[in-house]
Structures are given as structure tokens and as C-alpha cells.
Amino acid sequence: KMYLCTEMGRNRDKRLPSAATIGFFDGVHRGHLCLIEQLKQEAQRRGVTAMLVTFDRHPRTVVSPGHVPTLLTTLEEKERLLRRTGVDEIAVLPFTPELSRLTAREFMQQVLHDELNVQTLMLGYDHAFGHGGGSLNDYVRWGQETGIEILRAHELENAMVSSSKCRRLLEMGDVKG
């Protein structure tokens, strides 16, 4: 049932409605898994597919080429790890200069709503996306305008986990974290 979407332009009417979350998911760590589990539960509750929206390259390769972090996983490794989570679909979008210039509202309308048929968007507790970003209230307002319900995931209890933190620990030789 799951497939990867690497091309835009599919007919929205052929896509099943979905609940989605967006992220680069480098390393697919415990924080990502917590978010994905919440997404799967919400999608099941609503009777829609659970979709992960990610990118083929780190966004900084386009928006800030001099400050690209060392990645924890290759695209192929990331896809394999994400498939193991049991989501229904993984949409891998090419992160292009054109995509990087879309505001969050434009991304929500043109990509999430019109292309991917996302009805519900679950945001990580500290996540922002789109050129210029936005606050949770902004995303909720833009969601109302575009027909996407915005939900905020709860954070992983008793742990602050991020790909950046994982990179720092690895650079220091700490593999237990």
C-alpha cells in the first residue's frame, strides 16, 4: 500500500485523504518515532492514510549551502527506517529553490492540499516550515484558509531529542547519548 512520491503533479482526486506530518527525519530518532506514532493513531481515528512528507536533500543544501549539517542517514537509509514505522505513505519531495521560496501558506495550499490531499497536518511541538516560517496560530489560521486541520503533537516525555543533538553526541564519540 505504501509508495514513495518523488514527483509532483499527481492528480489529487486519485489520492486518498491523509493525515500527514512534515520533516527531514534525519536519523529517524525517538522524537521522530513519537511524532509518527501520534500521526498513525490520529490517521486511524479519522479513517485516513498516515503520510510522512520529507525531502530528498537537507533543506540547507538549497537555502544555506555553507551550513549543511553532516547527515546521520542517507536518503535510502532514511526511507528504509521510515518504512519500518508502518505509515501508509511516504512522500519524498525534491527540495528545489522553487520549493524553498514557498511560504508556509503556499506550501500548505499548493503541495499539501492540492497535490497530496492532506486533510490533517500534525506538527511537531517545535516545528516550523515554509519560507518565513510561522507560529502555531499562523499555521492554524492558514489551515482554516486551505482546508487543512492543524494539530500539535505532544513532545517526547523526559527527553529532548533532535537530529542536531544526535550529531553533536556522535562528534564527541558518545554513541549512547
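Refer to the structure printed above.
The rules behind the values
- Residues numbered from 1 in each chain as written.
- Predicted model: local features only at pLDDT ≥ 70, side-chain atom pairs only at ≥ 80, totals over all residues.
- Heavy atoms only, no water.
- Helix = DSSP H or I, 4+ residues; strand = E, 2+ residues; numbered from the N terminus.
- Buried < 20%, exposed > 50% of the residue type's maximum accessible area, 1.4 Å probe, protein only.
- Contact = heavy atoms within 4.5 Å.
- Areas by Shrake-Rupley, 256 points an atom, 1.4 Å probe, with all protein chains shown as cover.
- Pairing = 2+ DSSP bridges.
- Right-handed = clockwise from strand over helix to strand, strands pointing away.
- Core = buried A, V, L, I, M, F, W, Y, C linked by side-chain atoms within 4.5 Å.
- Phe/Tyr/Trp six-rings, centres within 6.5 Å; stacked < 30°, edge-to-face > 60°.
- Arc of directions from axis to C-beta.

1. Focus on the overall build of the protein chain
Link 1 in the chain: From N to C terminus, the protein chain includes seven helices and six strands.
Link 2 in the chain: When the helices and strands of the protein chain are listed from N to C terminus, the series reads β-β-α-β-α-α-β-α-α-β-α-β-α.
Link 3 in the chain: When each of the 177 residues of the protein chain is scored for burial, the buried share is 43%.
Link 4 in the chain: If you take every contact in the protein chain between residues at least 6 apart in sequence, the share linking residues at least 24 apart comes to 80%.
Link 5 in the chain: Approximately 9600 Å² of the protein chain is accessible, and the part contributed by carbon and sulfur atoms is 49%.

2. Some words on the pairing of strand E3 (residues 49-55)
Link 1 in the chain: Of all seven residues in E3, seven are buried, a share of seventy percent or more.
Link 2 in the chain: Burial along E3 is two-sided: Thr-49, Met-51, Val-53 and Phe-55 and Ala-50, Leu-52 and Thr-54, pointing in opposite directions, are all buried.
Link 3 in the chain: Examined bridge by bridge, strand E2 (residues 18-22) and E3 share five bridges and lie parallel to one another. Along E3, the bridge assignment pairs Ser-18 with Thr-49.
Link 4 in the chain: Each parallel crossover has a hand, and for E2 linked through helix H1 (residues 30-46) to E3 it is right-handed.
Link 5 in the chain: Across five bridges, E3 lies against strand E4 (residues 89-93) in parallel orientation. Among the inter-strand pairings, Val-53 is bridged to a residue of E4, identified as Ala-91.

3. Some thoughts on the nonpolar core
Link 1 in the chain: With 25 residues, the main nonpolar core has Val-53, Phe-107, Leu-112, Leu-121 and Phe-129 as its most contacted residues.
Link 2 in the chain: Of all elements in the fold, only E2, E3, E4, helix H5 (104-113), strand E5 (118-123) and helix H6 (136-146) reach the threshold of two or more residues within this core.
Link 3 in the chain: When residues in this core are grouped by element, the largest group, five residues, is from H5.
Link 4 in the chain: Residue contacts for Leu-121: discarding those within four places in its chain leaves Ala-20, Thr-21, Ile-22, Leu-112, Phe-129, Ile-148, Glu-149, Ile-150 and Leu-151.
Link 5 in the chain: Formed by 17 residues, the second largest nonpolar core is a distinct cluster that contains Ala-19, Phe-25, Leu-35 and Ile-90.

4. Details of the packing of aromatic side chains
Link 1 in the chain: The final tally for this structure, using the stated rule, is four aromatic pairs.
Link 2 in the chain: Between Phe-55 and Phe-95, the ring centres sit 5.3 Å apart and the planes meet at 90°, which makes this aromatic pair edge-to-face. One end of the pair, Phe-55, is in strand E3; the other, Phe-95, is in the loop between E4 and helix H4 (97-100), and 40 residues separate them in sequence. Each member of the pair, Phe-55 as well as Phe-95, carries the same accessibility label: buried.

5. Regarding unusual backbone geometry
Link 1 in the chain: A positive phi angle is found at Val-28, which is not glycine, with a value near 40°.
Link 2 in the chain: Within the element layout of this structure, Val-28 appears in the loop between E2 and H1.
Link 3 in the chain: Look at Asn-117: it is not a glycine, yet its phi comes out positive at around 55°.
Link 4 in the chain: Assignment of secondary structure puts Asn-117 in the loop between H5 and E5.

6. Quick notes on H6
Link 1 in the chain: The set of residues buried in H6 consists of Tyr-139, Trp-142, Gly-143 and Thr-146. Projection of H6 onto a plane perpendicular to its axis shows the buried side chains occupying an angular sector of 105°, all on one side. Among the exposed residues of H6, those oriented more than 90 degrees off its buried face are Asn-137 and Gln-144.
Link 2 in the chain: Lining the buried residues of H6 we find H5, E5 and strand E6 (149-152).
Link 3 in the chain: Just downstream of H6, Gly-147 is the residue with a positive phi angle, here 85°.

Honestly, that's just the spatial picture; any functional story needs more than this.
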